[in-house]
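Descriptive analysis of the structure
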Amino acid sequence: MKNLNYKKIGGYLVLIALGFALAKITSRSDAESKMAPADHGHAHAEADQIYTCAMHPQIRKNEPGDCPICGMDLIPVETETGDDNPDAVMMSASAMKLAEIQTVHIKAGEPVKELRLNGKILPDERVVFSQTSHIGGRVEKLLISYTGEFVQKGQVIGYVYSPELVTAQEELFEAYKIREYQPELYEAARMKLRNWKLSEKQINGILTSGKMTEEFPIHSDISGVVVLKHVNVGDHIMQGHALYEVADLSKVWVMLDVYEQDLPWVKVGDAVSFTIPSLPGEQFQGNISFIDPVINPKTRVARARIEIANTSEQLKPEMFVSGVLESTIKEQPNAIVVPKSAVMWTGKRSVVYVKTKEEGGVYFILRQVDIGPELGDSYVVLRGLKSGEEIAVHGTFAIDAAAQLAGKPSMMNPENTSASSGYQHMEM
């Protein structure tokens, strides 16, 4: 009886152990069967995920790994929802702020080009004179001994000894004695002295004194500043020899260098404002009165002249000048002008990003444009944009990088898009 009971108890224990094992197996199979569809869906999602390289967005793979070009880790491409335009790049407000993207509304207007011109002050060539000696001989004395000195018209500037004038005075004395019988001879003797630029007062003074003058004074013919000195005391000179160069600096020229490529923008009559480094705080205005018809073959510039009064004589020759000229393009009165920062160049193509707003958010679309003249910090757009459109002027490379990562048309990859030819159908 005792042995039989032990056998029954042992059998019960075996049955209980088998039941627990079976229950565990069943629960495990149920769990696996429930997890199987979820794992399958996750695997399917991973199969649809595209990975690319941040430095080489043309690399696109279905699984993570390394970039075959630079070896960087591939990153997943984030897809945006609600984008109905396959050529547009959607950017959230936070992304635009992070990329420091700035936009402006463009409008048509009269384009103005600003030219910066450099030059210097020069004397007015029309009032630069050579002070000559009307008497040949030896320079005995100079009363103007250095350049920069001011001379007044009629002032004695030097003395010359002339043997010819000594002889002419002797002839005058002899002719004076017979003036009543031969007045023509007497008048001829006086005329000979007049030809040497002796005044009637000087001639009469010689006759009154009765003595010959050996050193004859030379009087200045003009008023101005001596800019060049040609002779020294003791020099022998001929009649007509230049002693000094005298300039009237009450009016001067501002000569500005205009480079060859800027000549079409500069015209006679254009207003120019200029400053002089040696006169800080002073602002001067003038109009171009003349442009050199010939270009300097060495510097490749032509000079534009401004005539300006200098009554205070604060403008001195050889002072440096910096001028600004604003020139308008009258041939294009309603041109579109965009900042340089908005235009991206790629070989012969130039593109901009146009901002649009739709229900899904803010989008940027690549647009090819034709660029015209350069206006300092901006360009004239001949074709591709119209007044009222909004374009990116800062952060354009960030937009282009986002377009490349998203597989959208970009500056370097415009194929199969309307960006390369769409501007042809736009009305300006």
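Residues numbered from 1 in each chain as written. Predicted model: local features only at pLDDT ≥ 70, side-chain atom pairs only at ≥ 80, totals over all residues. Heavy atoms only, no water.

1. Thoughts on the environment of K357
Its location among the elements puts K357 in strand β23 (residues 349-358). K357 gets classed as exposed once you look at its relative accessible area, which sits at 65%. Considering only alpha carbons, one finds K357 and M90, 267 residues apart in sequence, at a separation of 9.6 Å. (Helix = DSSP H or I, 4+ residues; strand = E, 2+ residues; numbered from the N terminus. Buried < 20%, exposed > 50% of the residue type's maximum accessible area, 1.4 Å probe, protein only.)

2. Looking at the pattern of salt bridges
Taken as a whole and judged by the stated rule, the model has 17 salt bridges. R126 serves as the salt-bridge partner of D124, at 3.1 Å between the closest nitrogen and oxygen. Taking the shortest distance from any N to any O, the salt bridge between K192 and E171 comes out at 3.2 Å. Of the two residues, K192 is situated in helix α4 (residues 183-195) and E171 in helix α3 (residues 163-177); the sequence distance between them amounts to 21 residues. The exposure class of K192 is partly exposed, given its relative accessible area of 32%. The exposure class of E171 is partly exposed, given its relative accessible area of 36%. Within this structure, E187, R190, R194 and E200 form a network of salt bridges that share partners. (Salt bridge = Lys/Arg side-chain N within 4 Å of Asp/Glu carboxyl O.)

3. Remarks on the sheet that holds strand β9 (residues 137-142)
The strands that make up a sheet pair up through hydrogen bonds in the backbone, lying either parallel or antiparallel. Pairing is antiparallel across the open sheet formed by four strands, whose spatial order is β12-β11-β9-β14. Every interior strand has two partners, whereas the edge strands, β12 (215-219) and β14 (236-237), have only one. Looking at chain direction, β9 and strand β11 (residues 156-161) are connected through four bridges and run antiparallel. Along β11, the bridge assignment pairs R138 with Y161. (Pairing = 2+ DSSP bridges.)

4. Observations regarding the packing of α4 against helix α5 (residues 200-209)
Axis separation between α4 and α5 bottoms out at 10 Å; the angle between their running directions is 125°. Relative to α5, the element α4 lies oblique. Read as a crossing pair, α4 and α5 show a hand that is right-handed. For the pair α4 and α5, the contacting residues are Y186, R190, L193 and R194 in the first and E200, I203, N204 and L207 in the second. (Axes fitted to C-alpha atoms, helices over the stretch in contact; angles between N-to-C directions. Parallel < 35°, antiparallel > 145°, perpendicular 65-115°, else oblique. Left-handed = near helix turned anticlockwise from the far one by under 90°. Contact = heavy atoms within 4.5 Å.)

5. Some remarks on the side chain of S378
Position of S378 among the secondary structure elements: in strand β25 (residues 378-383). Given a relative accessible area of 15%, S378 falls into the buried group. Excluding anything up to four places from it in sequence, S378 contacts V337, V338, P339, K340 and P373.

6. Description of the confidence of the model for the protein
Confidence in the prediction for the protein averages 80 pLDDT; 82% of positions are at 70 or higher. Here residues 10-45 is a poorly scored stretch, pLDDT under 50, and it has zero contacts once near neighbours within four places are set aside; other chains count. (pLDDT = per-residue confidence, 0-100.)

7. Description of the pairing of strand β20 (residues 320-328)
Relative to β20, strand β7 (residues 112-123) is paired through nine bridges, and the arrangement is antiparallel. By the bridge assignment for β20, L117 is matched with G323. Note that strand β17 (residues 271-275) and β20 share four bridges and pair antiparallel. Paired with S273 across the strands is V324, a residue of β20.

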